[in-house]
Amino acid sequence: MNGSMETGHGRSSRPVGTWTMLSWMREVVATGETSDAMGPNPIGYIAYHADDRMMALVLKRDRPPVSGAAPTDGEKVKLFDTMHAYSATYTVDDDRVVHHVDAAWNPAWLGDLIRPYELDGDTLTISGAPSKDPATGEDVMDRIDFRKLQKPS
């Protein structure tokens, strides 16, 4: 199936729209330890567009302050470690969405990110994709929950 498919496993539509992150839980495969991947109550958005492009931005809510108008080199490292951002084309194949990443905060993310997902009304859950934690290198499993943003009235 390609990104223009509108159904799959009972889905009424692709995840087109802008979604705000509710939570991002991470489980370390080796230990079973779970944690908030970007701390409690992260600031995050993922947008799937009808033209088969998507963008994601996630920030830790308690990002470190900077000492002036331009961050120091040390502050830049801390800021980099408290965010994720990328842009991609995407395709939908049954119960997974594949992000074909062409620009990212971390060049290691370039290429395909395969994300199993569930779409239920205004709730989107991306989970079950094993990956490497970019900060620790550990094998992890993520569960990310989103709510669809509504147009302002």
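Residues numbered from 1 in each chain as written. Predicted model: local features only at pLDDT ≥ 70, side-chain atom pairs only at ≥ 80, totals over all residues. Heavy atoms only, no water.

(A) View of the overall build of the protein chain. On a plain count of helices and strands, the protein chain comes out with one helix and nine strands. Counting helices and strands in the order they occur from the N terminus, the protein chain gives β-β-β-β-α-β-β-β-β-β. On C-alpha atoms alone, the protein chain measures out to a radius of gyration of 16 Å, which is about the 15 Å that the 2.2 N^0.38 rule sets for 153 residues. A burial count over the protein chain gives 36% of its 153 residues as buried. When contacts within the protein chain are restricted to residue pairs at least 6 apart in sequence, long-range pairs at least 24 apart make up 48% of them. Roughly 8,800 Å² of accessible area belongs to the protein chain as shown, and the carbon and sulfur atoms make up 54% of that amount. Side chains of the protein chain carry 16 positive and 23 negative charges; the gap between the two charge centres is 5 Å. (Helix = DSSP H or I, 4+ residues; strand = E, 2+ residues; numbered from the N terminus. Rg over C-alpha atoms; globule rule 2.2 N^0.38 Å. Buried < 20%, exposed > 50% of the residue type's maximum accessible area, 1.4 Å probe, protein only. Contact = heavy atoms within 4.5 Å. Areas by Shrake-Rupley, 256 points an atom, 1.4 Å probe, with all protein chains shown as cover. Lys, Arg positive; Asp, Glu negative; His and termini not counted. Charge placed at Lys NZ, Arg CZ, Asp CG, Glu CD.)

(B) Broad picture of the nonpolar core. Counting residues in hydrophobic clusters, the biggest one holds 27 residues, and the most contacted among them are Ile 46, Tyr 48, Met 54, Leu 124 and Phe 146. Looking at this core, the elements that each hand over two or more residues are strand 1 (17–28), strand 3 (43–48), strand 4 (53–59), strand 5 (83–93), strand 6 (96–104), strand 7 (111–120), strand 8 (123–132) and strand 9 (139–148). Setting aside residues up to four positions removed in sequence, Ile 46 forms contacts with Gly 17, Thr 18, Trp 19, Met 54, Met 55, Ala 56, His 99, Leu 124, Ile 126 and Phe 146. (Core = buried A, V, L, I, M, F, W, Y, C linked by side-chain atoms within 4.5 Å.)

(C) Layout of the confidence of the model for the protein chain. Per-residue pLDDT for the protein chain has a mean of 88; in total, 92% of the residues score no lower than 70. Looking over the protein chain, one finds the lowest element-wise mean pLDDT in strand 8, namely 88, and the highest in strand 3, namely 98. Between residues 1–12, whose pLDDT stays under 50, and residues either more than four places distant or in other chains, the model counts 24 contacts. (pLDDT = per-residue confidence, 0-100.)

(D) Spotlight on unusual backbone geometry. The backbone of Asn 41 sits at a positive phi, close to 55 degrees, despite the residue not being glycine. When you line up the elements, Asn 41 lands in the loop between strand 2 (34–36) and strand 3. The exposure class assigned to Asn 41 is partly exposed, which follows from its relative accessible area of 47%. Phi at Asp 52 takes a positive value of approximately 65 degrees, unusual for a residue other than glycine. With respect to the secondary-structure elements, Asp 52 resides in the loop between strand 3 and strand 4. Taking relative accessible area as the criterion, Asp 52 reaches 23% and is therefore assigned partly exposed.

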